[in-house]
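The chain contents come next:
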Amino acid sequence: MADSVKKDTRDPKVIIATRAAQEMQDGYVVNLGIGLPVLVANYLPEGVEVFLQSENGMMGMGPAPEKGSEDIDVTNAGGTCVTMEPFAMCFDSSYSFGLIRGGHVDATVLGALEVDCKGNIANWIVPGKLVPGMGGAMDLVVGANKVIVGMLHTQVVKDKETGEVKRIDKKILKECSLPLTAVGVVDMIITEMGVMELRPEGLVLTELHPDYTLEDILTATDAELIVSPDLKPMPIPA
């Protein structure tokens, strides 16, 4: 982890990224989606070496650079400056997507607009709004061996003029309402409130963040959550 990266244990995004990083195993090839998932690179556990792949053509992506030492020619797929490990290599887009589509990515961490209890994910478009494109999401969710969604549990919608909260939208649903990226592909959902796994019996809550009660997370979730009999506290960043 870069020295300039600090763990704000109260920041929901840090909580999510740190917990997602704990899913990484030594030797994994991992792809991190743009936005929140990119933070996972900053919080990988000590002693765990993974190979971070970026679909714009890099294997061996490192954590965020020190402030002031950014190289504008070294970026991830979202255009954010990153570092490169000593063993890093670069290649063209066709080779990059060959890795993804060929099943060589062990895990991917992606953000989402909506996820439902069937493992469906919608993360590429809101009808009526301009988007730059789907990117590699469609390929990653069907090509990676493990699909982890890292996102805030709910979406706070504010008034553009006053900044006041208009409503809070639930993002973990009985059924996605937005256009799907893929069907039945999600293995795990990590939010600031807890960890949920997609299992044959349904969406199972396996970890609960200590700052929230069981009632809090059930109320914030549209989908039916099955509470694991082995429910444990979600780790808090040290």
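Residues numbered from 1 in each chain as written. Predicted model: local features only at pLDDT ≥ 70, side-chain atom pairs only at ≥ 80, totals over all residues. Heavy atoms only, no water.

Tell me about the overall build of the protein, residues and numbers included.
The helix and strand inventory of the protein stands at four helices and 15 strands. Relative to the 2.2 N^0.38 estimate, which gives 18 Å for 238 residues, the radius of gyration of the protein is 18 Å and therefore close to what a compact globule would have. By principal-axis analysis of the C-alpha atoms, the protein measures approximately 45 × 45 × 40 Å. When the 238 residues of the protein are sorted by exposure, 47% land in the buried category. Surface exposure of the protein reaches about 12100 Å², of which carbon and sulfur atoms provide 52%. A gap of 6 Å separates the mean positions of the 19 positive and 34 negative side-chain charges of the protein. (Helix = DSSP H or I, 4+ residues; strand = E, 2+ residues; numbered from the N terminus. Rg over C-alpha atoms; globule rule 2.2 N^0.38 Å. Buried < 20%, exposed > 50% of the residue type's maximum accessible area, 1.4 Å probe, protein only. Areas by Shrake-Rupley, 256 points an atom, 1.4 Å probe, with all protein chains shown as cover. Lys, Arg positive; Asp, Glu negative; His and termini not counted. Charge placed at Lys NZ, Arg CZ, Asp CG, Glu CD.)

Please provide a residue-by-residue account of the confidence of the model for the protein, values included.
Residues with a pLDDT of 70 or more make up 94% of the protein, whose mean pLDDT is 92. Every residue in residues 1-6 scores below 50 in pLDDT, and together they form 14 contacts with partners more than four places removed in sequence or on other chains. (pLDDT = per-residue confidence, 0-100. Contact = heavy atoms within 4.5 Å.)

Which residues make up the pattern of salt bridges, and what are the values?
Oppositely charged side chains may form a pair once their charged atoms are brought near each other. In the structure shown here, the tally under the stated rule is eight salt bridges. Between Arg10 and Asp211 there is a salt bridge, with the nearest N and O atoms lying 2.1 Å from each other. Remark: Asp211 occurs in the loop between strand 14 (202-208) and helix 4 (214-219) and Arg10 occurs in the segment before helix 1 (12-21); sequence separation between them is 201 residues. Classification of Arg10 as exposed rests on a relative accessible area of 52%. (Salt bridge = Lys/Arg side-chain N within 4 Å of Asp/Glu carboxyl O.)

Tell me about the sheet that holds strand 2 (residues 51-54), and please be specific about residues and values.
Here we have 10 strands laid out as an open sheet, ordered 4-3-2-1-5-8-12-13-14-15, and mixed in their pairing. Each edge of the open sheet is held by one strand with a lone partner, namely strand 4 (84-90) and strand 15 (225-233). When strand polarity is set aside, the average angle formed by the axes of neighbouring strands in this sheet is 25°. Docked against the sheet, helix 1 engages strand 5 (107-110), strand 8 (147-150), strand 12 (188-190), strand 13 (194-199) and strand 14, running at close to 145° with respect to strand 12. Sheet strands touched by helix 2 (residues 93-101): strand 1 (29-32), strand 2 and strand 3 (58-61). Its angle to strand 2, the strand with the most contacts, is close to 120°. (Pairing = 2+ DSSP bridges. Axes fitted to C-alpha atoms, helices over the stretch in contact; angles between N-to-C directions.)

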